[in-house]
Amino acid sequence: MKDNILIIGGGIAGLEAASQLLKLGYNPIIVEKSDHLGGHVADWNRLFPDMTPAEEVVSRLVAETSEANIFLNTEISFVNKLKDSYNIMLSNGISVITGTLLFATGFSMFDASKKEEYGYGIYNQVMTNRDLEHWFNTGKDARIPEEGPAAMGFVHCVGSRDEKARNPQCSKVCCITAVKQAIEMKQKFPEAMIYCFYMDLRMFGKKYEDFYISAQRDYGIRFIRGRVSEVSENIEGKLIVKAEDTLSGKPVKVTLDLLVLMAGIVCNPDTCKTAGLISLPVDSDGFLKSRDNIADITESPKEGIFYAGACTGPKTVPETLAEARSAALEIHNYISRKK
Amino acid sequence: MDFGFKISPSSAVNLDNVDLSLYDRLAEVEPDIRKCIACGSCSASCPANRFSGMSVRKAILGLQRGKEKEVAKMLSTCMLCGKCSMVCPRGINTRHLILSICKFYKED
Ligand SMILES: Cc1cc2nc3c(=O)[nH]c(=O)nc-3n(C[C@H](O)[C@H](O)[C@H](O)COP(=O)(O)OP(=O)(O)OC[C@H]3O[C@@H](n4cnc5c(N)ncnc54)[C@H](O)[C@@H]3O)c2cc1C
Ligand code: SF4
Ligand code: SF4
Ligand code: SF4
């Protein structure tokens, strides 16, 4: 009989791991709490660094996992530890016995309305990075005027690197996402004046610096080094954004038609709930704690429990996929060793 | 000898000559001063900034670069309203820090 492997989360991490485990001859079972596969990537439009359609990535993974058992709209209800396996009760009434679990529960987006000074949910022209991706996909959002904004801005580090928001971590992907989205907006609305308000630009990945150079040189995006202090609305319903231009040392004020908040990546509270069922430790950044952050990032400190993707911290798509493959191999080695 | 012109003193910060002993003593009671990332939130929200140029960011930087006199002058325009403490993403109690700076630089 093929070994069951329970994968919690049907985002790209869970799907990629399942696809590899199928090839290695196992029986992966994916439990996904939402009504669709692909996780966050299913909400995105085009992916940096090559502007690959996100839909392409997700549908390839879904096709590769057609043989796997997949339960949508399902969560883990409770877990019983047996001698050397787990008896897991799902919310749909099915129970699974397995010696191996893979957490691929991903992240949550920081709730931008918590930063009241930025006006999300208060002013009509304030949206998030996620809302903008949604608009790229659907073309539907009342906040974006048909003729395009005359002037718009991106606010970096919303709910990241922020002790007040209780998230001192850098979310890692939002600098490049802001620059990517700024370029996409400029392509759609060449007349628009576009600003990025940043504290530091973290362009760490392959070709990210090229995006930055292109944003400056080819698209004329204006980069202002200063954290936005507050957003307000004038009588005409336009946004007034204030910051310090820390490079000139002077306060700046600009009137905008649209503001995009780069909401950060935080630990998914459902992950913590499920992890709590088997007393998995949480790291100081709020994400699941690996056995070792250098050598064993895909292993938990508990035997038979593995991790892949953004449940251990902010990650890009290629990083997530690489980790999922690595976790599948770790699981294969673990099961082979036990036999 | 009078050449009819004089050379103005260099405005360069020579880190070899900057005396940071007072700053180090300040940092012992206000360790958070070392956490500043120069984001400018404090200056942008400061009601005195527009009129006097008051800026906690510049004050911190000034102390780190040995420009104590300029900092002391700037701080005299702070109204201690505490707005800056509310916005600092590094959670620095800037109002408390300003009071400590005043105390330290008055002592001397
Ligand atoms: C705005 C934005 C844009 C981005 N754009 C790019 C890009 O262009 N290129 C790039 O490389 N990266 C990009 N990223 C990063 C990318 O989104 C992540 O790398 C990727 O989503 C990580 O995948 P994951 O499977 O680990 O997590 P997720 O995508 O979060 O998927 C986790 C899945 O698990 C499910 N789940 C969670 N908890 C439970 C539970 N308890 N029980 C059952 N199911 C559960 C969730 O419903 C979800 O389907 C972007 C990120 C953001 C925020
Ligand atoms: S990636 Fe950039 S925008 Fe995102 S938290 Fe880090 S510094 Fe801020
Ligand atoms: S306490 Fe001083 S520096 Fe801070 S906002 Fe008020 S006036 Fe400005
Ligand atoms: S708000 Fe805090 S971190 Fe930012 S410049 Fe001011 S003191 Fe430094």
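Residues numbered from 1 in each chain as written. Chains lettered and ligands numbered in written order. Predicted model: local features only at pLDDT ≥ 70, side-chain atom pairs only at ≥ 80, totals over all residues. Heavy atoms only, no water.

(A) Summary view of the interface of chain B and chain A. At the junction of the two partners, chain B supplies 22 residues and chain A supplies 15 residues. Summed over the three residues of chain B that lose the most area to chain A, namely Cys39, Ala44 and Pro89 of chain B, the buried surface amounts to 32% of that side. Across the salt bridge formed by Arg57 of chain B and Glu244 of chain A, the nearest N and O atoms sit 2.8 Å from each other. Counting across the chain B and chain A interface gives 12 residue pairs in polar contact (both at pLDDT 80 or more). Contributions of two or more residues to the side of chain B that touches chain A are made by α2 (41–45), α3 (49–52), α4 (56–64) and α6 (83–87) of chain B. (Contact = heavy atoms within 4.5 Å. Buried area = accessible area lost by both parts, 1.4 Å probe. Salt bridge = Lys/Arg side-chain N within 4 Å of Asp/Glu carboxyl O. Polar contact = N/O pair within 3.5 Å; in protein donor to acceptor, adjacent residues only side chain to side chain. Helix = DSSP H or I, 4+ residues; strand = E, 2+ residues; numbered from the N terminus.)

(B) Local environment of the packing of aromatic side chains. Residue and element names in this part refer to chain A. Per the counting criterion, the structure on display carries 9 aromatic pairs over all chains. Centroid distance Trp135 to Phe136: 5.8 Å. Interplanar angle 45°. Geometry classified as tilted. On the basis of relative accessibility, which here comes to 11%, the residue Trp135 falls in the buried class. Taking relative accessible area as the criterion, Phe136 reaches 11% and is therefore assigned buried. Their ring planes at 75° and their centres at 5.0 Å tell us that Phe204 and Tyr208 sit as a pair that is edge-to-face. Taken together, the aromatic side chains of Phe48, Phe204 and Tyr208 make up a single cluster linked through ring pairs. The ring of Tyr86 is capped by Lys81, whose NZ or CZ atom sits 4.7 Å from the centre of that ring. (Phe/Tyr/Trp six-rings, centres within 6.5 Å; stacked < 30°, edge-to-face > 60°. Buried < 20%, exposed > 50% of the residue type's maximum accessible area, 1.4 Å probe, protein only. Lys NZ or Arg CZ within 6 Å of the ring centre and 35° of its normal.)

(C) Quick peek at the side chain of Thr65 of chain A. Residue and element names in this part refer to chain A. Following the sequence through the fold, Thr65 ends up in the loop between α2 (54–64) and β5 (69–71). Thr65 gets classed as buried once you look at its relative accessible area, which sits at 0%. Polar side-chain contacts of Thr65 include one of 2.8 Å to the backbone oxygen of Leu61. Only 3.1 Å separates the side chain of Thr65 from the backbone oxygen of Val62, close enough to count as a polar contact.

(D) The sheet that holds strand β9 (residues 101–103) of chain A, seen in detail. Residue and element names in this part refer to chain A. Pairing in this open sheet of 5 strands is parallel, and the strands run β5-β2-β1-β9-β20 from one edge to the other. Of all strands in the sheet, those with a lone pairing partner are β5 and β20 (305–307), marking the two edges. For this sheet the average axis-to-axis angle between neighbouring strands, irrespective of direction, equals 20°. As paired strands, β9 and β20 are joined by 3 bridges and run parallel to one another. Bridge pairing in β20 links Leu102 to Phe306. Across the sheet, helix α7 (residues 317–338) is in contact with β1 (4–8), β9 and β20; its angle to β20 comes to roughly 165°. (Pairing = 2+ DSSP bridges. Axes fitted to C-alpha atoms, helices over the stretch in contact; angles between N-to-C directions.)

(E) Broad picture of the sheet that holds strand β14 (residues 222–225) of chain A. All names here are of chain A. Spatially, the 5 strands line up as an open sheet ordered β11-β18-β12-β13-β14, and their pairing is parallel. Each edge of the open sheet is held by one strand with a lone partner, namely β11 (126–128) and β14. Between one strand axis and the next, the sheet turns through 25° on average, direction left out of account. As judged from the 5 bridges shared by strand β12 (residues 151–158) and strand β18 (residues 258–263), these two strands associate in the parallel manner. Paired with Val158 across the strands is Ala263, a residue of β18. Against the sheet, helix α3 (residues 129–138) touches β11, β12 and β18, its axis set at about 85° to β11. Seen against the sheet, helix α4 (residues 174–188) touches β12, β13 (193–198), β14 and β18 and runs at an angle of roughly 170° to β12.

(F) Structural detail: the side chain of Ser214 of chain A. One can find Ser214 of chain A in helix α5 (residues 208–217). The contacts of Ser214 of chain A, once residues within four sequence positions are left out, are Ile183 and Tyr219 of chain A.

(G) Structural context of the site of ligand 4. Ligand 4 sits among 13 residues. The nearest are Cys36, Cys39, Gly40, Cys42 and Cys88 of chain B. Grouping the constituent residues of the shell around ligand 4 by class yields 9 nonpolar, 3 polar and 1 charged. (Near = heavy atom within 4 Å. Nonpolar A, V, L, I, M, F, W, Y, C, P; charged D, E, K, R; others polar.)

(H) Region of the structure containing the site of ligand 2. Residues and elements named next belong to chain A. Near ligand 2 the following residues occur: His156, Cys157, Ser160, Arg161, Cys170, Ser171, Lys172, Cys174, Cys175, Asp200 and Arg202. Those elements giving two or more residues to the shell around ligand 2 turn out to be β12 and α4. When grouped by side-chain class, the residues that make up the shell around ligand 2 number 4 nonpolar, 3 polar and 4 charged.

(I) Here's a closer look at the confidence of the model for chain B. All names here are of chain B. On average, residues of chain B score 91 in pLDDT, and 97% of them reach the 70 mark or higher. Averaged over each element, pLDDT in chain B is lowest for helix α7 (residues 94–107) (90) and highest for α2 (96). Two summary scores accompany this predicted model of the complex, namely pTM at 0.95 and ipTM at 0.85. (pLDDT = per-residue confidence, 0-100.)

(J) Geometry of the environment of Lys83 of chain B. Tracing the backbone shows Lys83 of chain B in helix α6. Linking Lys83 of chain B and Val71 of chain B, residues 12 residues apart in sequence, is a C-alpha distance of 19 Å. If we skip the residues at most four places from it in the chain, Lys83 of chain B touches Glu230 of chain A together with Ser45 and Pro47 of chain B. A polar side-chain atom of Lys83 of chain B sits 3.4 Å from the main-chain carbonyl oxygen of Ser45 of chain B.

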